[in-house]
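# Residue-level structure breakdown
Okay, here's what each chain looks like letter by letter:
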Amino acid sequence: MNQSTEVDSCDYIVWLNKNLFQVSELPSPHWNPQVHLKSHLHLLACSRSTKRRHHHKVLLCTFEIRLSRFLTWLSISVQGNIIGSGIFVSPKGVLEASGSVGVALLVWLSTGLITMVGALCYAELGVTIPKSGGDYAYVKVVFGGLAGFLRLWIAVLVIYPTTQAVIALTFANYVLHPFFSPDLPPDIAIRILAALCLLILTFINCASVRWATRVQDLFTMGKLLALAVIIIMGIVQICKGEYYWLEVQNAFSNQRYPDIKLIALAFLQGSFAYSGWNFLNYVTEELKDPFRNLPRAIYISIPLVTFLYTFANIAYITAMSPQELLESNAVAVTFGEKVLGVMAWLMPISVALSTFGGVNGSLFTSSRLFFAGAREKHLPILVAMIHIDRRTPIPALLFTCLTSLLMLTTSDIYTLINYVGFVNYLFYGVAVAGLMVLRWKHPEIPRPIKISIVFPVTFVLFWAFLVIFSLISEPVVCGVGLAIMFTGVPVYFIGVYWENKPQSLENLMERMTELGQKLFMVVCPEGSPTPTSVEIKDKSKRAE
């Protein structure tokens, strides 16, 4: 094949009957692949002939259209996705479960350390199984299709839609707070603004990966500035002598006898604030030089977040007593009212900036998870397609936005988050356990990043402690979360495992896929399915 022909993304690979055939001649150097793709989409839409429709379908799958690799270590820095509403909400839950200021601060530090360990484990998984989709991709490869589908099912059904809806509602609440203070903002106004937030950020993510990452970078700087203000004011308070609750004899004065089950719940609350640490593994295929940028982002971001979270909590306790903190439903706002005086309005605005960036990051990662699931035939194939010009997963983004908007009609979504939060953390441990399984079954696999076995063992033991004692402490909440997850079992066997479906159903799905392609101007990206464990072994042998 002529390698000098200058045609963008047009190796002209024909995917037919699951085989690759290299075409002998490439098009003219002046040929525009995007225009050619659009013409075939139009002809596919207009053609009534079955043969012609098949011809255009084949040609529409002939181009190497990939997700754009625009993400650098700065764009993927984890603090932009970890720092959301958690640091402004979780301090109350951590302190309540810990029973004392000293134990609460130790929980924040320990959670940061275990998050670092988990992120390093995921870094090895990310380069060993270099597929977008995060723990879903890893669980599917190591433990099989059903386990992977259940992870995807609980994420699609509840985790991401409810999380995005709650963050958007938090954003709307804090934006409207200065306009309606001292009263609460109207519920309908909060929901409308939350929906508008979701729609704007979905449009940005559909339009360009660059736009989405720049929004993330911008609001990351804003939220870091807000935390910097809190920490600086905390230092000022300490200089004034306001550190009564930081003295050892007072910090560890328990209001009750320490309970190991409640300590587990404190870690669970802290882990919610750190959620987003595995964001990098959802966009592995879009990273520039992942072997270098993945560890760099982890080493810089997670220690920074741990520092900010710990010192923000120290700052909180310099301005409020433990009792005042526990009585506050908006810790940052209460802190601002006590310390900032006429500048107290800065806190609601800062929280709004933080949550806006949090919604953007959640949309970005969830759409990539749904994209990965559809590519593995666990979701409709249309969700795996990307725009021929913008290279963004528009159907996946729209699906994510729609499910989040539906959650805005439900008033009790916080309970749902409690149900599935337990299952979400359970799968973190399952994914890291998969790393140890791969080490044992396939030690010959090339691993550009290989960490000490102590790290995955430590992480799995921690999550076992967290899951077991959380189940003992909250059996109803955790049990319902497991029940929601296992409703995916019959869906898997009917929708995925059952291959010989009626032809009429297959034709209906095909027509719907074609309609989606015409509406969104999308095609299947170039790429092979996620390898099975056998394929991984064969691949490693060929590498030798």
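None of the values given here were measured: they were computed from a predicted structure. (Residues numbered from 1 in each chain as written. Predicted model: local features only at pLDDT ≥ 70, side-chain atom pairs only at ≥ 80, totals over all residues. Heavy atoms only, no water.)

## Considering the packing of helix α8 (residues 187-207) against helix α16 (residues 394-407)
Threshold: Axis definition: a line fitted to C-alpha atoms, limited for helices to the stretch in contact. Angles are taken between N-to-C directions and run from 0 to 180 degrees. The way it works is that DSSP assigns letters per residue, a run of H or I at least four long becomes a helix, a run of E at least two long becomes a strand, and they are numbered from the N terminus. Should an angle fall under 35 degrees it is taken as roughly parallel, and over 145 as roughly antiparallel, whereas 65 to 115 is taken as roughly perpendicular and any remaining angle as oblique. Contact between two residues is taken to exist if any of their heavy atoms lie within 4.5 Å; hydrogens are not considered. Three categories are distinguished: nonpolar for Ala, Val, Leu, Ile, Met, Phe, Trp, Tyr, Cys and Pro, charged for Asp, Glu, Lys and Arg, and polar for the others, with Gly belonging to the last.
Interaxial distance between α8 and α16 falls to 10 Å at its minimum, and their mutual angle equals 175 degrees. As far as their axial angle goes, α16 and α8 are roughly antiparallel. Packed against α8, whose contacting residues are Ala195, Leu198, Leu199, Thr202, Asn205 and Cys206, the element α16 presents Ile394, Leu397, Leu398, Cys401, Ser404 and Leu405 at the interface. Within the contact of α8 with α16, the residues separate by chemical class into nine nonpolar, three polar and no charged.

## Here's the deal with the nonpolar core
Formally: Nine residue types can take part in a nonpolar core, namely buried Ala, Val, Leu, Ile, Met, Phe, Trp, Tyr and Cys, and a core is a set of them joined through side-chain atoms within 4.5 Å. Relative accessibility decides the category of a residue: with a 1.4 Å probe and only protein chains considered, values under 20% of the type maximum give buried, values over 50% give exposed, and everything between is partly exposed.
Counting 110 residues, the largest nonpolar core has Ile230, Tyr316 and Phe335 as its most contacted members. A per-element tally of this core places helix α5 (residues 101-128) first, with 15 residues. Setting aside anything within four residues of it in sequence, one finds Ile230 in contact with Phe88, Ala312, Ala315, Tyr316, Phe335 and Met347. By size, the runner-up hydrophobic cluster in this structure holds 15 residues, among which are Ala155, Val156, Ile386 and Ala396.

## What about the confidence of the model for the protein?
Here is the rule: What pLDDT reports is the predictor's confidence in each residue, on a scale of 0 through 100.
Per-residue confidence for the protein averages 75 on the pLDDT scale, and 76% of its residues sit at or above 70. The model gives residues 527-544 a pLDDT under 50, and that stretch makes 21 contacts with residues more than four places away or in other chains.

## A few points about empty space enclosed by the protein
Under the convention used in this document: Here a cavity denotes a set of grid points, spaced 1 Å apart and computed over the protein atoms alone, in which a 1.4 Å probe fits but from which it cannot get out, and a pocket denotes an open set meeting protein on both sides within 12 Å along at least five of seven lines; residues with an atom within 4 Å of a point are reported as lining. Grid points are joined across faces, edges and corners, and a volume is the space filled by probe spheres set on the points.
All chains considered together, the criterion is met by five cavities of 30 Å³ or more. Of the voids in this model, the largest cavity is the one considered here, and its volume is about 100 Å³. Around the largest cavity, the lining residues are Pro91, Leu95, Val101, Ala104, Leu105, Trp108, Asn313, Tyr316, Ile317 and Leu325. Elements that contribute at least two residues to the lining of the largest cavity include exactly α4 (86-98), α5 and α12 (290-319). The leading source of residues in the lining of the largest cavity is α5, at four residues. Taken together, the residues that form the lining of the largest cavity break down as nine nonpolar, one polar and no charged.

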